[in-house]
Amino acid sequence: MLKAKTNFLLIFLIVIILIAVICLAAACSPKLVDIDNDIETSGDKVLKANATLYDDATQWMKEEYAYNNRTITEDLEFLPEKVNVIASQEDFDNAFVEFPTETDFDEQMLVLYFFTANQIFAEDGKRLRYYELNKIINEDGAITFECCVVSTPLYDSNVPGNIFDASMPTQNCLTILMPKVACTQLKFQINNKVYYQTWKKDLKSNATLYDADLDWLRDEYKEKNISKLAYPNTFNATIQTKEQYVSTFCKFYNDFDIEKDILIVYCFTEENNGINDTYDYLITDIQYDKGFLEIEIDKRVASTQSGTTSTNTKILIIKLPQLPAYNVNITIN
């Protein structure tokens, strides 16, 4: 009798443990959840949304202008940092030989920040560091540009031929193209950004592809970026900050960690030509080098049925470990 009770209690405990394990697994499994719109209001979002940071801008400057704004001498003597504002075509012509984009000086201005930094490029041209613009704070004309520097983990003493992430100090210039505003003070603040995983690892095995629905995205985001998308154009964006995440999505999976993951939002249009095929999408290859991310996706017919000719909008989302992706190219085969 005692043995029977012992067996019953043992079985009962095993069942309880199994139920607990199943509940825990269910609780931890990815599920689609609503995203609260709780973006911090600090910073000037309008300025940030209309500002573009150009790194290593000395490459487009006249030699004399760059020399006159040097922050380090040939003898490695450090000179003060400098912030210049270019607000006219005349000032621009005195400073630059060329620039990546046209500037309308009636509406825009360039803010140049000269400082001494560790070398950006290695001897073989590989990128050692990147700079990103995180936030612009405008306090009655006293404007602070919060930037971050990313040191790429190319150094590995155990691997011959890898780049040492250390170099002689050199002059750098961050240039911000932004709306023309009245300013009494301009200040730059540069912080280090840390990535939790190195992109030297296999990205494909650490990637997740979501065949998403449009209702995952906020209406404002769809209106701005997707509503006017016409065949055969495409749109992609990299989501790497909390502000980008919250302003883009109204729902997403609960296993996404903004500190350790990034999301690539890829939107495209396609004509069905009277055939309402449904497709499965599969990542076949991911290549990464010096900030350039190449993703290949295979498109396979899942089912076929007749229908009227129309244009469909598709949203694919790729989750990857955090990495500095400055140029993303997606190919669907």
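What you are looking at is a predicted structure, and each value in this text was computed from that prediction instead of being measured.

(A) Representation of the sheet that holds strand S4 (residues 108-118). An order of S2-S7-S4-S3 is seen for the 4 strands of this open sheet, with the pairing classed as antiparallel. Edge positions in the sheet fall to strand S2 (52-54) and strand S3 (82-86), since each has one partner strand and no second. Taken over all neighbouring pairs, the strand axes of this sheet differ in orientation by 20 degrees on average, direction set aside. Taken together, the 3 bridges between S2 and strand S7 (residues 169-179) define a ladder with antiparallel strand orientation.

(B) Main features of the nonpolar core. Core analysis: the largest hydrophobic core is formed by 22 residues, its most contacted members being Tyr 245, Phe 249, Phe 252, Leu 263, Ile 315 and Ile 317. Going through the elements one at a time, strand S9 (208-212), strand S10 (234-239), helix H6 (242-248), strand S12 (261-271) and strand S15 (311-321) are the ones with two or more residues in this core. When residues no more than four places from it in sequence are discounted, the contact partners of Phe 249 are Ile 35, Trp 216, Leu 217, Arg 218, Ile 239, Leu 263, Val 265 and Ile 317.

(C) Quick look at the pattern of salt bridges. Tallied over the full model, the rule gives 4 salt bridges. A salt bridge links Asp 255 to Lys 319; its shortest N-O distance comes to 3.2 Å. Of the two residues, Asp 255 is situated in the loop between strand S11 (251-253) and S12 and Lys 319 in strand S15; the sequence distance between them amounts to 64 residues. The exposure class of Lys 319 is buried, given its relative accessible area of 11%. Arg 300 is the partner of Asp 298 in a salt bridge, and the nearest nitrogen-oxygen pair spans 2.9 Å.

(D) Spatial organisation of the confidence of the model for the protein. With 78% of its residues at a pLDDT of 70 or more, the protein shows a mean pLDDT of 83. Considering only residues more than four positions removed or in separate chains, one finds that residues 154-165, a stretch of pLDDT under 50, has 22 contacts.

(E) Spatial organisation of the packing of aromatic side chains. Enumeration over the complete set of coordinates arrives at 27 aromatic pairs. Ring geometry for Phe 249 and Phe 252: centres 5.1 Å apart, planes at 45 degrees, overall tilted. On the basis of relative accessible area, Phe 249 is assigned to the buried category, the value being 0%. Since its relative accessible area comes to 0%, Phe 252 is described here as buried. Each member of the aromatic cluster is reached from another via a ring pair, and the members are Tyr 210, Trp 216, Tyr 245, Phe 249, Phe 252, Tyr 253 and Phe 256. The cationic tip of Arg 70 hangs over the ring face of Tyr 67; the distance from NZ or CZ to the ring centre is 3.9 Å. Over the ring of Tyr 279 we find Lys 299; its NZ or CZ atom is 4.2 Å from the centre of that ring.

(F) Region of the structure containing unusual backbone geometry. Of the consecutive residues Tyr 231 and Pro 232, the connecting peptide bond is found in the cis state with omega at 5 degrees. Tracing the sequence through the fold places Pro 232 in the loop between helix H5 (219-225) and S10.

(G) Highlighting the side chain of Lys 319. There is a polar contact of 3.2 Å between the side chain of Lys 319 and the side chain of Asp 255. With residues near it in sequence (within four places) discarded, Lys 319 still touches Asn 206, Ala 207, Thr 208, Tyr 210, Asp 255, Phe 256, Asp 261, Ile 262 and Leu 263.

(H) Highlighting the sheet that holds strand S6 (residues 142-151). Judged by pairing direction, the sheet is mixed, and its 3 strands sit side by side in the order S5-S6-S8 without closing on themselves. Edge positions in the open sheet fall to strand S5 (129-139) and strand S8 (185-193), since each of these has one partner strand only. Between one strand axis and the next, the sheet turns through 20 degrees on average, direction left out of account. As paired strands, S5 and S6 are joined by 10 bridges and run antiparallel to one another. Looking at S6, one finds that Tyr 131 is bridged to Val 149.

Reading the values: rules and limits
- Residues numbered from 1 in each chain as written.
- Predicted model: local features only at pLDDT ≥ 70, side-chain atom pairs only at ≥ 80, totals over all residues.
- Heavy atoms only, no water.
- Pairing = 2+ DSSP bridges.
- Helix = DSSP H or I, 4+ residues; strand = E, 2+ residues; numbered from the N terminus.
- Axes fitted to C-alpha atoms, helices over the stretch in contact; angles between N-to-C directions.
- Core = buried A, V, L, I, M, F, W, Y, C linked by side-chain atoms within 4.5 Å.
- Buried < 20%, exposed > 50% of the residue type's maximum accessible area, 1.4 Å probe, protein only.
- Contact = heavy atoms within 4.5 Å.
- Salt bridge = Lys/Arg side-chain N within 4 Å of Asp/Glu carboxyl O.
- pLDDT = per-residue confidence, 0-100.
- Phe/Tyr/Trp six-rings, centres within 6.5 Å; stacked < 30°, edge-to-face > 60°.
- Lys NZ or Arg CZ within 6 Å of the ring centre and 35° of its normal.
- Polar contact = N/O pair within 3.5 Å; in protein donor to acceptor, adjacent residues only side chain to side chain.

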